[in-house]
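# Architecture and fold: a report
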Amino acid sequence: MKIKEIIVVEGKDDTVAIKRAVEADTIETNGSAIDQKIIEQIKLAAEVRGVIIFTDPDFPGEKIRKKIIEKVPNCKHAFLPKELAKQKNGKKIGVEHAKPEDIRKALKGAHLMETEPLEIITKQDLIYYRLIGDPNAKTRREKLGEILNIGYTNGKQLLKRLQMFQISRETFMQAMEQICQEEQING
């Protein structure tokens, strides 16, 4: 599988994992200390070939993603669920620990964030579906992020992420239906 866009990753190990999974070029941010030179490379890549931001599913990875979209808003975003990015011993999380098939799936599901979000899903929907204000809300948000390929967010960020990716009400409802069915099966 060949990827047209340039994939932005955190480091060399991520590049190695990407190249095991797909044929693609990468830009490495070298962690969260992204300098202006890297931002300029990403801007140029976005203009010429397009960019997919594929950072680790952890706090530093989200921080890097936010830093990039402040300067280069027209990027696609790929997300990997935490459990698929865990090191074998479970101590570290990162794209470099993911299986090639999981990397391919995440890249296929890459979304373009819209800067003008549409209010299709409301905060009331999040409360109704127990995505916020419920003891199991975090687990439900993790599952929702996985199904919709939008990554995990906390309760405050979920609505914004759904709107930015312009997730339709229908798509949201189908995902919630799937989550509810799985919860009934798993008891």
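Given the structure is predicted, the values throughout are model-derived calculations rather than measurements.

The subject of this paragraph is unusual backbone geometry. With phi around 55 degrees, Asn30 is a residue other than glycine that occupies positive phi space. Position of Asn30 relative to the elements: it lies in the loop between strand 2 (26-28) and helix 2 (36-48). We note that Asn149 has phi near 60 degrees; this positive angle belongs to a residue other than glycine. Locating Asn149 in the fold gives a position in the loop between helix 6 (137-148) and helix 7 (155-164).

Time to look at the packing of helix 6 against helix 7. Axis angle and axis distance: for two packed helices, these are the angle between their axes and the distance between the axes, and together they describe the pair. Interaxial distance between helix 6 and helix 7 falls to 12 Å at its minimum, and their mutual angle equals 20 degrees. Relative to helix 7, the element helix 6 lies roughly parallel. The element helix 6 and its partner helix 7 pack so that their crossing is left-handed. When helix 6 is examined against helix 7, the residues Arg141, Leu144 and Leu148 are found in contact with a partner set consisting of Gly155, Leu158 and Leu162. Class assignment of the residues belonging to the contact of helix 6 with helix 7 gives a composition of four nonpolar, one polar and one charged.

Criteria and thresholds
- Residues numbered from 1 in each chain as written.
- Predicted model: local features only at pLDDT ≥ 70, side-chain atom pairs only at ≥ 80, totals over all residues.
- Heavy atoms only, no water.
- Helix = DSSP H or I, 4+ residues; strand = E, 2+ residues; numbered from the N terminus.
- Axes fitted to C-alpha atoms, helices over the stretch in contact; angles between N-to-C directions.
- Parallel < 35°, antiparallel > 145°, perpendicular 65-115°, else oblique.
- Left-handed = near helix turned anticlockwise from the far one by under 90°.
- Contact = heavy atoms within 4.5 Å.
- Nonpolar A, V, L, I, M, F, W, Y, C, P; charged D, E, K, R; others polar.

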